[in-house]
There are 2 protein chains.
Amino acid sequence: MDIRTLCLGLLTQSDASGYEIKKIFEGQLRHFFDASYGSIYPALNKLTEEGLVRCTEQAQDKRPDKKVYSITPAGRMAFLDELMQPPGRDRYRSEFVATMMFADLLPPRHVSDLIDKRVEEYRVMLDDLQRACAEGDAGKAFVVGLGHAMYRAGLQYLEENRHLVEGEALLASASSAAD
Amino acid sequence: MDIRTLCLGLLTQSDASGYEIKKIFEGQLRHFFDASYGSIYPALNKLTEEGLVRCTEQAQDKRPDKKVYSITPAGRMAFLDELMQPPGRDRYRSEFVATMMFADLLPPRHVSDLIDKRVEEYRVMLDDLQRACAEGDAGKAFVVGLGHAMYRAGLQYLEENRHLVEGEALLASASSAAD
DNA sequence: ACGGACATGTAACACGTTACATGATTAA
DNA sequence: TTAATCATGTAACGTGTTACATGTCCGT
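What you see is a predicted model; the values in this text were computed from it and never measured.

According to the stated counting rule, one finds one cavity of 30 Å³ or more in the structure shown. Roughly 40 Å³ of volume is contained in the largest cavity. The wall of the largest cavity is formed by Leu6, Leu10, Leu29 and Phe33 of chain A together with Ala98, Met101 and Phe102 of chain B. Every element with two or more residues in the lining of the largest cavity is listed here: helix 1 (3-13) of chain A together with helix 5 (95-101) of chain B. Residue classes in the lining of the largest cavity are distributed as seven nonpolar, no polar and no charged.

Here's what the structure looks like:
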C-alpha cells in the first residue's frame, strides 16, 4: 500500500489538507506508518489529476491558501478496489534486530545499552498506544490493539531473555578476567 | 542497515558466494530480512572495490565459476564500525494492518477471510521459527526468539479480538437484515 | 530576536525490486 | 521434455526520503 493509497484512505475518514495528513501520520498512526511531505504533496496532486479527490482552496488571511482535499465517489470506489486486492507480504526493517544478530561482535556494555534503550522505547510506545486505543473507530482500535499486544510481547521477551546476548558477552569477559 | 552492510555481516560468519548469500536470506533469515540478486551482486562488487571483502574465483567443471567472497580485516573493522552506530528506527510496512484500519469499508466475509489467512500464516511462521531457534549462535537465537514471541502475541491477539472488526461488520449486516 | 507552528512544494538522491539476459546440469 | 537448481549479472523502474526554497504569524 503506497502513500498515495494511504492518503486516499485517510480522506475516506475526513477531508484534510496535505499538512493535516502529515499530522495524522505523525499522530496515532506513527507506530505503523509514516510519510514525508515529499511523498504526500505529489500523491495528493496525482489523486486530483486522476479525479479521485477534489481540492477546495480556502483563502486564509495571514496564511498561505489551505488546500483541503475531499474524496470523490470515484475515489471511494478506487480505494475499495485497492483494499479488496490480496494484501502483499509485510516488510520489516529493523536495525536493532540486525545489530542483535551480531551481538557477539560487540562490547558487552554496548549491547546492554542498546537493549536498555529499546526497552525504554517500547515502554513509551506502549503508553502511547494505550492512549490511542480509546479514540478512533473499530478498525483503528483493532490495529492499535494488535500493535500493543506485539510490542508488549517484545518488551517482555527482551526483559526475560536479554541475558542470552549479554550472557555470552559476560562469558567472554569472564574468561579474560580469569587470567 | 542496507543490503551491502548485511552482506558484509553475513561474511563475518562464513565465506559465501552471492548465490549462497541469497539462500541465507531465503532461509532462517526470511522472516526478518530479504534481498534480491539485483542488490546482492552489486553490493558484493562494491565491497570488493572498497577492499572490505576479497573474492576467490573457483573454477567448477560443468558450472560457471563460483565467486566465493571472504571478509578482510578492513571489512571486519568497517562492519564493527557500522554496528556501533546508533540503530535507526524500525520501519514497518504491512498491507494487512493497513487493510484492517479500514475494515468497516469491507464486506464482512472478506475481513474474516483475511484474518483466517493471516492466522494461518502466523502458524506456519511460528513453526518455522521454532525450528530455526535450535540452530545458530546466541545472537541468531535471540532474534529468532524475539520474532517468535511477537508473532505469537500477534496470533493470540487476532484470535481473541477478531470479533472487534468482524463484530462491527455483523452489526451492519444485522441491522440491514432486521428490515 | 528567535524558534516553532502553519503551509506548500520541488529536485536530487538513495535504495531496492523486477524483469531480462545467459547457460549448464539434473531429477521427474 | 520440462522444471528446478546452480550461477552471475545489468538496466529500467518504482517509491520514498532529505534537503532546499519560500513566507507568515505567534509566543517568549
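Structure shown, so let's carry the discussion forward.
It is worth spelling out the domain arrangement of chain A at this point. For an interface, size is often stated in terms of accessible area lost upon the parts coming together. Residue and element names in this part refer to chain A. Along its sequence, chain A is carved into domain 1 (3-84) and domain 2 (95-177). The C-alpha-based centres of domain 1 and domain 2 are spaced at 33 Å. Contact with domain 1, which involves six residues of that partner, is made by eleven residues of domain 2. A combined buried area of about 670 Å² lies between domain 1 and domain 2, and 59% of that area is made up of carbon and sulfur atoms. Across the contact surface, domain 1 and domain 2 share one salt bridge.

With that settled, consider the environment of Arg4 of chain A. The topology assignment puts Arg4 of chain A in helix 1. The sequence separation of Arg4 of chain A and Gly38 of chain A amounts to 34 residues, and the corresponding C-alpha distance is 12 Å.

Take the packing of aromatic side chains next. Residues and elements named next belong to chain A. Throughout the structure, instances matching the rule amount to eleven aromatic pairs over all chains. The interplanar angle of 20 degrees and the centroid separation of 5.6 Å between the aromatic rings of Tyr37 and Tyr41 together place this pair among those described as stacked. Residue Tyr37 and its partner Tyr41 are located together in helix 3 (residues 37-49), separated by four residues, close to a single helical turn. For Tyr37, a relative accessible area of 31% corresponds to the partly exposed category. Seen from their ring centres, Tyr122 and Tyr151 are 5.8 Å apart, and the 40 degrees between their planes marks the pair as tilted. With a gap of 29 residues between them, Tyr122 in helix 6 (residues 108-134) and Tyr151 in helix 7 (residues 138-161) connect regions that are remote in the sequence. Of the two residues examined, Tyr122 and Tyr151, each falls in the buried class. Members of the aromatic cluster, joined through ring pairs, are Tyr19, Tyr37 and Tyr41. The ring of Tyr37 is capped by Lys22, whose NZ or CZ atom sits 5.1 Å from the centre of that ring.

We now examine the side chain of Thr5 of chain B. All names here are of chain B. Within the secondary structure, Thr5 is located in helix 1 (residues 3-13). Note on Thr5: relative accessible area 2%, which makes it buried. At a separation of 2.7 Å, a polar atom in the side chain of Thr5 contacts the side chain of Asp2. Not counting the four nearest positions on each side in its chain, Thr5 is found in contact with Phe79 and Glu82.

A few words on the packing of helix 7 of chain A against helix 7 (residues 138-161) of chain B. Interaxial distance between helix 7 of chain A and helix 7 of chain B falls to 8 Å at its minimum, and their mutual angle equals 145 degrees. Note that helix 7 of chain A runs across helix 7 of chain B; the crossing there is right-handed. Within the contact between the two elements, helix 7 of chain A uses Ala141, Phe142, Gly145, Leu146, Ala149, Met150, Tyr151, Ala153, Gly154, Tyr157, Leu158 and Asn161 of chain A and helix 7 of chain B uses Ala141, Phe142, Gly145, Leu146, Ala149, Met150, Tyr151, Ala153, Gly154, Tyr157, Leu158 and Asn161 of chain B.

Before going further, it helps to spend a moment on the state of the cysteines. Residues and elements named next belong to chain A. One pass over the structure, following the stated rule, counts zero disulfides over all chains. Not part of a disulfide, Cys55 finds its nearest cysteine sulfur in Cys7, a span of 13 Å. Since its relative accessible area comes to 28%, Cys55 is described here as partly exposed.

Definitions and limits used
- Residues numbered from 1 in each chain as written.
- Chains lettered and ligands numbered in written order.
- Predicted model: local features only at pLDDT ≥ 70, side-chain atom pairs only at ≥ 80, totals over all residues.
- Heavy atoms only, no water.
- 1 Å grid on protein atoms, 1.4 Å probe; cavity = no way out; pocket = protein on both sides within 12 Å on 5 of 7 lines; lining within 4 Å.
- Points joined across faces, edges and corners; volume = space filled by probe spheres on them.
- Helix = DSSP H or I, 4+ residues; strand = E, 2+ residues; numbered from the N terminus.
- Nonpolar A, V, L, I, M, F, W, Y, C, P; charged D, E, K, R; others polar.
- Domains from an automatic or database assignment.
- Contact = heavy atoms within 4.5 Å.
- Buried area = accessible area lost by both parts, 1.4 Å probe.
- Salt bridge = Lys/Arg side-chain N within 4 Å of Asp/Glu carboxyl O.
- Phe/Tyr/Trp six-rings, centres within 6.5 Å; stacked < 30°, edge-to-face > 60°.
- Buried < 20%, exposed > 50% of the residue type's maximum accessible area, 1.4 Å probe, protein only.
- Lys NZ or Arg CZ within 6 Å of the ring centre and 35° of its normal.
- Polar contact = N/O pair within 3.5 Å; in protein donor to acceptor, adjacent residues only side chain to side chain.
- Axes fitted to C-alpha atoms, helices over the stretch in contact; angles between N-to-C directions.
- Left-handed = near helix turned anticlockwise from the far one by under 90°.
- Disulfide = S-S within 2.5 Å.

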